[in-house]
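Secondary and tertiary structure notes
The lines below spell out each chain.
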Amino acid sequence: MTSRSDDGLTTKDPATPNQLQQRNAMEWPPHDNLRILQQMRDEARQGGGVKRIQEQHDKGKLTARERLNLLLDEGSFEEFDALKSGRGGHPGGGREYLSDGVLSGHGTIDGREICVFSQDFTVLGGSLGEAHSEKIRKAMDHAVRVGTPVIGLNDSGGARIQEGVDALAAYGEIFARNVNASGVVPQISCIMGPCAGGAVYSPSMTDFVFMVEESSYMFVTGPNVVKSVIHKEISSEELGGAMVHTTKSGVAHFAMPNDILLLREVRRLINYLPSNSRQRPPILDLRDPPDRTDPALDYLVPFNPNQAYNMRVLIDSILDGEEFLEVHARFAPNLVVGFGRLGGETVGLIANQPAILAGVLDNNASVKGARFVRFCDAFNIPLICLVDVPGFMPGPEQEHGGIIRHGAKLLYAFAEATVPRITVTVRKSYGGAHVVMNSKHIGADMHYAWPTAEIAVLGPRGAAEVIYRREIQSSADPTATLMEKEEQYRKTFVNPFLAAKRGYIDDVIFPRDTRGRLIRTLQFLEDKETTRPNRKHGNIQL
Ligand code: HXC
């Protein structure tokens, strides 16, 4: 043990390490400010106090800090602005809290850096004022500068009423940052309590929204306003709960039963994503042989073309470890989207689901698919498209609901994507939907078809009715003639071989070999480069 003597020379300190430790312990805090720091930290950690923490727990909710501890790797959270407090000086005043109702900082998920904020409902209902907003903005700004995903845990009564227009300005600053970060770093929102009024627009501009069932809600105007304006009684849950937003509105992508499961699912999602748009997603070797074949796939497509089957069987079979993270599972389930791995590499899957509405493309499916494709493209995630689509959904409901506008979104999203794009046509692929579902004509890099593929302008019934109309009408037995013509059309046109002859299909493959072929093709396309004309930005049909 060495120390400096008065004359500046280094001398031996006679104290043993144990003695030194004891002496230090007795002298602590050696300076008042250390004591003050400890007190301030303790105060900040208390949030709104024991009673409010208990109330939070009684509602089945965790506190802001408990949530971060579960979300991030143990001990990895580094907080900033723990000692920052509200501005005060607003009309109405009120108590000022250290931390101002939100924790923000950075930590890691499976060793990768993440920027986070977590609103503390125990402090003024997690309401957002100036300082609170600045802390969130700091996390977002760092995320963009450093290139990390940003995850927000939302649990807030909205704009802090006492801070008036400053609170509105504070929201605007966050919204602008959401837009700035879009496509630069992944943004994830977890709704773990109230989220109302204009406050909903920040999460809705992020890439993925998670909600906790029965303890979270999102709406622009709450049940009281609904009652006074349109005289309708409705609960918060019915108006904007997790079930509504994951099934009807499509605002939320994931609903989980409680805080713990939700945070675990966020960690799972992060594992598929790159940290920013300059990087590729992390490779994870699940030790699943790339050349693994699955003979059962040869029997997946039923002999009867009108019989349904579950596309998830194919998805699960081809992916590494049969692991698939489905996104938006309850919204427009006639189109399945989500993440998996092929040969260790993250891929985004977009697949028609013949088990639901025959896999037809409708308004919701088109919008869901378009947004997913654009996310994958922004973050260097190759697209795998599995096709079994009878067409776009007919009828006035869809037409008047804007199937032309919404279908155009999916078409646009695929056509503008520059990541590797592979399509496998499993069964039906008719008309406009054939072109829209990542066909070669709009830029797919490789298009395979199973021998069971049906690629044509119209399905056999519709086609026969149009091109043999006169013959059918003048026949003695129109029904028999229609069936005969339908069969004739099926034999002539409904197969993958005509498209393969033209080179529109790169190869017709045995179903059992799909996984191996996809992995080899992904390796081949790894360094693909695509140029686009210079422009400020395109004008997608929003
Ligand atoms: C200030 C708020 C607050 C707010 C809640 N609190 N919301 N303080 N500004 N927006 C305070 C409460 O006064 C209370 O403090 C504490 O937080 C807990 O609230 P409770 O009402 O006791 O909790 P609970 O019963 O669970 O109800 C939660 C709630 C309710 C549904 C969120 O508090 C509520 O309706 N709050 C107002 C919501 C609102 O109208 N916000 C503005 C939305 S418009 P004390 O000390 O009394 O316990 C908006 C515009 C954004 O956000 C615009 C962006 C452009």
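Structural notes, computed from the coordinates. (Residues numbered from 1 in each chain as written. Predicted model: local features only at pLDDT ≥ 70, side-chain atom pairs only at ≥ 80, totals over all residues. Heavy atoms only, no water.)

1. Details of a nonpolar patch on the surface
A contiguous nonpolar patch, built from Val457, Leu458, Val466 and Ile467 and spanning about 380 Å² of accessible area, is present on the exposed surface. Here Val457 lies in the loop between strand 18 (454-456) and helix 17 (460-467). (Patch = residues over 30% accessible without salt bridge, like charges linked within 9 Å, V, L, I, M, F, W, Y side chains within 5 Å. Areas by Shrake-Rupley, 256 points an atom, 1.4 Å probe, with all protein chains shown as cover. Salt bridge = Lys/Arg side-chain N within 4 Å of Asp/Glu carboxyl O. Helix = DSSP H or I, 4+ residues; strand = E, 2+ residues; numbered from the N terminus.)

2. A few points about empty space enclosed by the protein
Throughout the structure, instances matching the rule amount to three cavities of 30 Å³ or more. Taken as a whole, the largest cavity holds about 110 Å³ of empty space. What lines the largest cavity is a set of 14 residues, among which Gln119, Leu128, Asn154, Tyr171 and Ala199 lie closest to the centre. The set of elements that each furnish at least two residues to the lining of the largest cavity consists of strand 5 (112-119), helix 6 (164-181), strand 8 (194-196) and helix 7 (201-204). (1 Å grid on protein atoms, 1.4 Å probe; cavity = no way out; pocket = protein on both sides within 12 Å on 5 of 7 lines; lining within 4 Å. Points joined across faces, edges and corners; volume = space filled by probe spheres on them.)

3. Points about the pattern of salt bridges
Taken as a whole, this structure holds 34 salt bridges when the rule is applied. One salt bridge in this structure joins Arg160 and Asp100, with 2.9 Å as the shortest N-O distance. A residue pair is termed long-range when its members are at least 10 positions apart, and Arg160 in the loop between strand 6 (150-154) and helix 6 and Asp100 in the loop between strand 3 (78-80) and strand 4 (102-109) qualify at 60 residues. The buried category is assigned to Asp100, whose relative accessible area is 2%. Glu471 serves as the salt-bridge partner of Lys485, at 2.9 Å between the closest nitrogen and oxygen. Highlighted residues: Lys485 in helix 19 (residues 478-493) and Glu471 in helix 18 (residues 469-474), separated in sequence by 14 residues. Take Glu471: its relative accessible area is 41%, and that puts it in the partly exposed class. A cluster of three or more residues bridged by salt bridges with shared partners is formed by Lys61, Arg67, Asp155 and Asp259. (Buried < 20%, exposed > 50% of the residue type's maximum accessible area, 1.4 Å probe, protein only.)

4. Comments concerning the nonpolar core
In terms of nonpolar packing, the biggest core is built from 56 residues, with Leu71, Ile151, Ile188, Phe208 and Phe339 touching the most fellow members. Examining the composition of this core, we find that six residues originate from one element, helix 13 (residues 363-378), more than from any other. Dropping the residues within four chain positions of it, Leu71 is found in contact with Ile109, Val116, Ile151, Leu153, Leu263, Val266 and Arg267. Within the second largest apolar cluster, 28 residues are counted, among which are Leu314, Leu342, Leu386 and Val426. (Core = buried A, V, L, I, M, F, W, Y, C linked by side-chain atoms within 4.5 Å. Contact = heavy atoms within 4.5 Å.)

5. Thoughts on the environment of Leu62
Here Leu62 is to be found in the loop between helix 3 (50-58) and helix 4 (64-71). With near-sequence residues (within four places) excluded, Leu62 lies in contact with Gln56, His57, Arg67, Leu70, Asp259 and Ile260.

6. Regarding the site of the ligand
Near the ligand lie 20 residues; those nearest to it are Arg52, Gly125, Gly157, Ala159 and Ile161. Within the contact set of the ligand, an oxygen atom lies 2.9 Å away from a side-chain nitrogen or oxygen of Arg52. Gly125 is positioned such that a nitrogen or oxygen atom in its backbone is 3.0 Å from an oxygen atom of the ligand. In isolation the ligand has 1,000 Å² of accessible area, and contact with the protein removes 55% of it. Among the elements of the structure, helix 6 and strand 8 are those that each provide at least two residues to the shell around the ligand. When residues in the shell around the ligand are grouped by element, the largest group, three residues, is from helix 6. Of the residues contributing to the shell around the ligand, the split by class is eleven nonpolar, six polar and three charged. (Near = heavy atom within 4 Å. Polar contact = N/O pair within 3.5 Å; in protein donor to acceptor, adjacent residues only side chain to side chain. Nonpolar A, V, L, I, M, F, W, Y, C, P; charged D, E, K, R; others polar.)

7. Describing the layout of surface pockets
In this structure, the largest pocket encloses a volume near 1,400 Å³. In this structure, the largest pocket is lined by 47 residues; those nearest its centre are Ser182, Ala370, Arg371, Arg374 and Leu542. Residue assignment for the lining of the largest pocket shows that the elements contributing at least two residues are helix 6, helix 7, strand 9 (208-212), strand 10 (217-219), helix 10 (242-249), helix 13 and helix 15 (403-416). For the lining of the largest pocket, a count of residues per class yields 23 nonpolar, 14 polar and ten charged.

8. Observations concerning the packing of helix 13 against helix 15
Two elements in contact, helix 13 and helix 15, have axes separated by 8 Å at closest approach and are oriented at 20°. On the basis of their axis angle, the class for helix 13 and helix 15 is roughly parallel. In the packing of helix 13 onto helix 15, the handedness of the crossing is left-handed. Within the contact between the two elements, helix 13 uses Asn363, Ser366, Val367, Gly369, Ala370, Val373, Arg374 and Asp377 and helix 15 uses Ile403, His406, Gly407, Lys409, Leu410, Ala413, Phe414 and Glu416. Classifying every residue of the contact of helix 13 with helix 15 by side-chain character gives seven nonpolar, five polar and four charged. (Axes fitted to C-alpha atoms, helices over the stretch in contact; angles between N-to-C directions. Parallel < 35°, antiparallel > 145°, perpendicular 65-115°, else oblique. Left-handed = near helix turned anticlockwise from the far one by under 90°.)

9. Observations regarding the environment of Pro390
With respect to the element layout, Pro390 can be found in the loop between strand 15 (383-389) and helix 14 (396-401). The class of Pro390 is partly exposed, set by a relative accessible area of 33%. Not counting the four nearest positions on each side in its chain, Pro390 is found in contact with Ala358, Gly359, Val360, Lys428 and Tyr430.

10. Some points on the state of the cysteines
Tallied over the full model, the rule gives zero disulfides. The structure places no disulfide on Cys190, whose sulfur is separated from the nearest cysteine sulfur, that of Cys195, by 12 Å. Overall, Cys190 belongs to the buried group, its relative accessible area being 0%. (Disulfide = S-S within 2.5 Å.)

11. As for the sheet that holds strand 11 (residues 254-256)
Read from one edge of the open sheet, seven strands run 3-4-5-6-7-9-11, paired in mixed fashion. With one partner strand each, in any of the chains shown, strand 3 and strand 11 form the two edges of the open sheet. Averaged over all neighbouring strand pairs, the angle between strand axes comes to 20°, with direction disregarded. Sheet topology places strand 7 (residues 187-191) next to strand 9; four bridges connect them, and they run parallel. Residue pairing in the sheet places Ile188 in a bridge with Phe208 of strand 9. Here helix 11 (residues 259-270) sits on the sheet and contacts strand 4, strand 5, strand 6, strand 7, strand 9 and strand 11; the angle it forms with strand 9, its principal contact strand, is near 160°. (Pairing = 2+ DSSP bridges.)

Purely geometric stuff here, so don't read any function into it on its own.
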